[in-house]
Amino acid sequence: MTYLIAGNWKMNGTPASAKALAAGLAAKAKAGSKAEIALCPPAPLLSAVDAAVAGSPIALGAQDCHANEKGAHTGDVSAWLLKALGCRFVIVGHSERRADHGETDAMVKAKAAAALKAGLTPIVCVGETDAQRERGETSAVIATQVAGSLPEGATAANTVMAYEPVWAIGTGKTATTADIAAVHAQIREVFKATAGEAGGLRILYGGSVKGANAAEILATAGVNGALVGGASLDPEDFWKIIQACP
Ligand code: PEP
């Protein structure tokens, strides 16, 4: 299975910095890379990044989409527009969207359904908060989020899952490899029960992945890539993560 390393730039970058970052990575990727790479810039920078990675194997991704194709939804972006702008992936259900915008599993499911209909691969994020982990609820939270966020028609081939413990995002803390392996195995099981099959499903780990810890995380059983926030803005460190894929 080809590993996927997706860079989530979050709300960072300018047209100039996005172009420089993406062009630098594209030049490296053209010479060969150990993983499939996706860059997910803020929506207004999608076209600049698309132009910068043209002719390279780097794919374009977005950070969110609306559940509807079009209409009166000020400030939102449709999956169909993302597709027209050259996106191959869209992140849905990121914990920052769940926390900042009150996104529920049902909303994430509707967004993932729109992504599939538009011809995009949704990267569906799930993960427990620190309080849920402390209360021993990780497994219950993951089961509910995976089952509740997957739309009809989701398959191992057209969907990517991402396990992102909320307490590990942007904090410098990472889950132990034993915990990551256990949660990834559970995600695969619930995905199979919900979607009917999970062979070939890619499950990314996200949460303070850096060049220094990537090799250990990416070699963990059931990990098929990484969703990278902060380190994806540092071209040297992001490339280290890509090259750490087994
Ligand atoms: C993320 O935003 O998906 C993420 C994992 O962030 P970071 O790598 O900064 O923890």
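This structure is a prediction, so every number in the text was calculated from the model and none was measured.

S.K.: Give me the overall build of the protein chain: which residues, what numbers.
M.R.: When helices and strands are tallied, the protein chain shows ten helices and eight strands. In terms of overall dimensions, the protein chain is globule-like: its C-alpha atoms have a radius of gyration of 17 Å, near the 18 Å expected for 246 residues. Each of the three principal axes of the protein chain carries a C-alpha extent, and together these read 45 × 45 × 30 Å. Counting across all 246 residues of the protein chain, residues that qualify as buried make up 51%.

S.K.: Got a sec to walk through the site of the ligand? Specific residues and values, please.
M.R.: Lining the immediate environment of the ligand, one finds 14 residues, of which Lys 10, Glu 164, Gly 170, Ser 208 and Gly 230 sit closest. Asn 8 is positioned with one of its side-chain polar atoms (N or O) 3.2 Å from an oxygen atom of the ligand. Contacts to the ligand include Glu 164, whose side-chain N or O atom sits 2.7 Å from an oxygen atom. Here the shell around the ligand is built from residues that sort into four nonpolar, eight polar and two charged.

S.K.: Talk me through the nonpolar core; I want residue IDs and the actual numbers.
M.R.: Within soluble globular proteins, side chains that are nonpolar tend to cluster in buried spots. Ranked by internal contacts, the top residues of the largest apolar core, which has 67 residues, are Ile 5, Leu 39, Met 161, Ile 187, Tyr 205 and Leu 218. Other than its neighbours up to four places away in sequence, Tyr 205 contacts Tyr 163, Pro 165, Ala 168, Thr 174, Ala 175, Ile 180, His 184, Ile 217, Val 223, Gly 225, Ala 226 and Leu 227. In terms of nonpolar packing, the next biggest core, distinct from the first, is built from 13 residues, Leu 4, Cys 125, Ala 162 and Leu 227 among them.

S.K.: Talk me through unusual backbone geometry; I want residue IDs and the actual numbers.
M.R.: Unusually for a residue other than glycine, Lys 10 sits at a positive phi of about 55°. Mapping Lys 10 onto the fold places it in the loop between strand E1 (4–8) and helix H1 (15–30).

S.K.: Explain helix H2 (residues 46–53) residue by residue, including any values.
M.R.: Among the residues of H2, Leu 46, Val 49, Ala 52 and Val 53 are the ones counted as buried. Looking straight down H2, one finds that the buried residues subtend no more than 130° of arc, so they occupy a single side. Taken together, the buried residues of H2 touch H1, strand E2 (36–40), strand E3 (59–62), helix H3 (79–84) and strand E4 (87–92). Once H2 finishes, Gly 55 follows within two positions and takes phi at roughly 85°, a positive value.

S.K.: Provide a residue-level description of the side chain of His 66, including the pertinent values.
M.R.: Tracing the backbone shows His 66 in the loop between E3 and H3. Under the relative-accessibility criterion, His 66 is labelled buried at 16%. Among the polar contacts made by the side chain of His 66, one reaches the main-chain amide nitrogen of Asn 68 at a distance of 2.8 Å. Only 3.3 Å separates the side chain of His 66 from the side chain of His 73, close enough to count as a polar contact. Apart from the residues lying within four places of it in its own chain, the contact partners of His 66 are His 73, Asp 76, Val 77, Ser 78, Ala 79, Lys 111 and Ala 114.

S.K.: Describe the packing of aromatic side chains, with residues and values.
M.R.: The tally for this structure, following the rule as stated, stands at one aromatic pair. Seen from the ring of Trp 167, Arg 133 lies directly overhead, with NZ or CZ sitting 3.8 Å from the centre.

S.K.: Which residues make up the packing of H1 against H2, and what values do they have?
M.R.: Packed helix pairs are characterised by how far apart their axes lie and by the angle those axes make with each other. Relative orientation of the contacting elements H1 and H2 amounts to 30°, with a least axis distance of 8 Å. Here H1 lies roughly parallel to H2, going by the angle between them. With respect to the hand of their crossing, H1 and H2 are arranged in right-handed fashion. Each of Ala 18, Lys 19, Ala 22, Ala 23 and Ala 26 in H1 lies in contact with H2, whose residues at this interface are Val 49, Ala 52 and Val 53. Here the contact of H1 with H2 is composed, by residue class, of seven nonpolar, no polar and one charged.

Parameters and conventions
- Residues numbered from 1 in each chain as written.
- Predicted model: local features only at pLDDT ≥ 70, side-chain atom pairs only at ≥ 80, totals over all residues.
- Heavy atoms only, no water.
- Helix = DSSP H or I, 4+ residues; strand = E, 2+ residues; numbered from the N terminus.
- Rg over C-alpha atoms; globule rule 2.2 N^0.38 Å.
- Buried < 20%, exposed > 50% of the residue type's maximum accessible area, 1.4 Å probe, protein only.
- Near = heavy atom within 4 Å.
- Polar contact = N/O pair within 3.5 Å; in protein donor to acceptor, adjacent residues only side chain to side chain.
- Nonpolar A, V, L, I, M, F, W, Y, C, P; charged D, E, K, R; others polar.
- Core = buried A, V, L, I, M, F, W, Y, C linked by side-chain atoms within 4.5 Å.
- Contact = heavy atoms within 4.5 Å.
- Arc of directions from axis to C-beta.
- Phe/Tyr/Trp six-rings, centres within 6.5 Å; stacked < 30°, edge-to-face > 60°.
- Lys NZ or Arg CZ within 6 Å of the ring centre and 35° of its normal.
- Axes fitted to C-alpha atoms, helices over the stretch in contact; angles between N-to-C directions.
- Parallel < 35°, antiparallel > 145°, perpendicular 65-115°, else oblique.
- Left-handed = near helix turned anticlockwise from the far one by under 90°.

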